[in-house]
Each structure stands twice: as structure tokens, then as C-alpha cells.
Amino acid sequence: MADGDRRDPRLDRRDVLKIAAASAAITSTLGVRRVLSAGQAASPRFFTTSEYSLVDELAEEIIPTDSHSPGARAARVAAYIDGELADAWTAEERNEWRDGLAAIDDLSRRTSGKTFLEATPAERVALLTAIASKEASPESAAEKFFVTLKSRVAFAYYTSEIGIHREMEYQGNVYLQEFVGYDVRTEK
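Residues numbered from 1 in each chain as written. Predicted model: local features only at pLDDT ≥ 70, side-chain atom pairs only at ≥ 80, totals over all residues. Heavy atoms only, no water.

(A) View of the overall build of the chain. When helices and strands are tallied, the chain shows 7 helices and 0 strands. Sequence-ordered secondary structure for the chain, helices as α and strands as β, is α-α-α-α-α-α-α. Expressed as a percentage of the 188 residues in the chain, the buried residues total 31%. Looking at the chain alone, contacts between residues at least 24 apart form 64% of all its contacts between residues at least 6 apart. (Helix = DSSP H or I, 4+ residues; strand = E, 2+ residues; numbered from the N terminus. Buried < 20%, exposed > 50% of the residue type's maximum accessible area, 1.4 Å probe, protein only. Contact = heavy atoms within 4.5 Å.)

(B) Spotlight on a nonpolar patch on the surface. On the surface, Leu176, Phe179, Tyr182 and Val184 cluster together to form a nonpolar patch covering roughly 520 Å² of accessible area. For Phe179, the position within the fold is in the segment after helix 7 (161-167). Its relative accessible area of 63% is what places Phe179 among the exposed residues. (Patch = residues over 30% accessible without salt bridge, like charges linked within 9 Å, V, L, I, M, F, W, Y side chains within 5 Å. Areas by Shrake-Rupley, 256 points an atom, 1.4 Å probe, with all protein chains shown as cover. Salt bridge = Lys/Arg side-chain N within 4 Å of Asp/Glu carboxyl O.)

(C) The environment of Gly71, seen in detail. With respect to the helices and strands, the residue Gly71 is situated in the loop between helix 2 (49-62) and helix 3 (77-86). Classification of Gly71 by relative accessible area gives buried; the value is 0%. Not counting chain neighbours up to four residues away, the residues in contact with Gly71 comprise Glu60, Ile63, Pro64, Thr65 and Tyr157.

(D) A look at the environment of Glu61. When you line up the elements, Glu61 lands in helix 2. Classification of Glu61 as partly exposed rests on a relative accessible area of 24%. Sequence-wise, Glu61 and Leu128 are 67 residues apart; in three dimensions their C-alpha atoms are separated by 8.4 Å. Excluding residues that lie within four positions of it along the chain, Glu61 makes contacts with Phe116, Arg124, Val125 and Leu128.

(E) Expanded view of the nonpolar core. By size, the foremost hydrophobic cluster in this structure holds 31 residues, and its most contacted members are Phe47, Leu58, Val77, Ile81, Trp97 and Ile104. Contributions of two or more residues to this core are made by helix 2, helix 3, helix 4 (91-112), helix 5 (121-132) and helix 6 (141-158). Per element, the largest residue contribution to this core is 7 residues, and it comes from helix 6. Filtering out sequence-adjacent residues up to four positions away, Val77 remains in contact with Ala59, Ala72, Val153, Ala156 and Tyr157. (Core = buried A, V, L, I, M, F, W, Y, C linked by side-chain atoms within 4.5 Å.)

(F) Quick peek at the pattern of salt bridges. Applying the stated rule across the entire model yields 11 salt bridges. In this structure, the salt-bridge partner of Arg45 is Asp87, at a minimum N-O distance of 2.6 Å. Pair noted here: Arg45 is in the loop between helix 1 (13-39) and helix 2 and Asp87 is in the loop between helix 3 and helix 4, with a separation of 42 residues, a long-range link. In this structure Asp87 comes out as partly exposed when scored by relative accessible area, which is 36%. In this structure, Arg98 engages Glu51 in a salt bridge whose closest nitrogen and oxygen atoms are separated by 2.8 Å. Of this pair, Arg98 sits in helix 4 while Glu51 sits in helix 2, and the two are 47 residues apart along the sequence. Linked by salt bridges that have partners in common, Asp56, Glu57, Arg73 and Arg124 make up one network.

Written out as C-alpha cells, the structure reads:
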């Protein structure tokens, strides 16, 4: 070891990889736990009751229940987002959500004459389809918020137990009893 090298000689590359893997596993587990505990809350911590209902419905429209797995509502995505915003460090993110939800409702009133929650299922899908079509280059407040909404819903869902284990069918790390090998000569 050189004089200026301050690395711990007892840690080798394998140890560093173990620490990194354990950190990733802990972070992932905390995300799942947070969804479960946030979902058990009796009332929203950040959103108003009507905002919470709107987020819950928007999330379910983005990731609906289907024959393969439960959707965003069952995964308590709205509760997760509510908890994250309640614990947000700055008001900027909270304001973005309040303004974004208002923009969605405003657009819904202009297109159907009703709030998003009052709109029919077909009107909701039509509205979200129109907003999503501008996802690559959003211009309006509703279109810009949809990008944030969809990203947060996807993160919350796929870090939930339902998203990871039922939708993605992730079984966790599985012990490989024997590696049978791979013959590159048989590769076509």
C-alpha cells in the first residue's frame, strides 16, 4: 500500500460488493415497508380527502387491476405518495402536486364539464390518453404533471409487495444448487 493510500487493507473488492448489495437490499426493503405502513394510515397525511381520492383513481387508471395482478389501488400507491409528500423537505414538490391535480381537474372540466372523479370511465380514459400522447414533449400544466404522476405511480407500485412479487413475479435471490455451465460452441 502506498503512503497516501488510506483504504482499509482488510476490505477487498468482494467485501465492497457485499456491502453494496446489502445496501441495495435494505433500501428496497424499506421501500416495501413504507408502502405497507403508509397504506395502513386511516386518513391522508398530506393530501385533502378529495386530492387523495383523485390520486388513488389516477393511479388505478395508470396501473389497473388485471387478470395477472392487482393494480395501484391494491398496492396502496396513493398512500405511499401521500406519505412521501408529507415527509418532503421542501414545499416545492408539494405545490407541484397540488397544482398538478388542480390542472387535471381543470382540464377534465373543460373537456367533459365534470371533475375527473365525476367523469365517466370512458371520459377519464379519453382525458388520460390525450395527456399521455404529449408525454414526450409536454406543454400544458396537466401534461407536465402527468409525467411526474406516472413516474411516481410506477415507482410506488413496483417497489410495493404487489408490484415486485405479484406483477414482476420476483422470487428473491434463489440459491443455485449447481451451475451446469455454458458451452459457447453451441451458441448460434
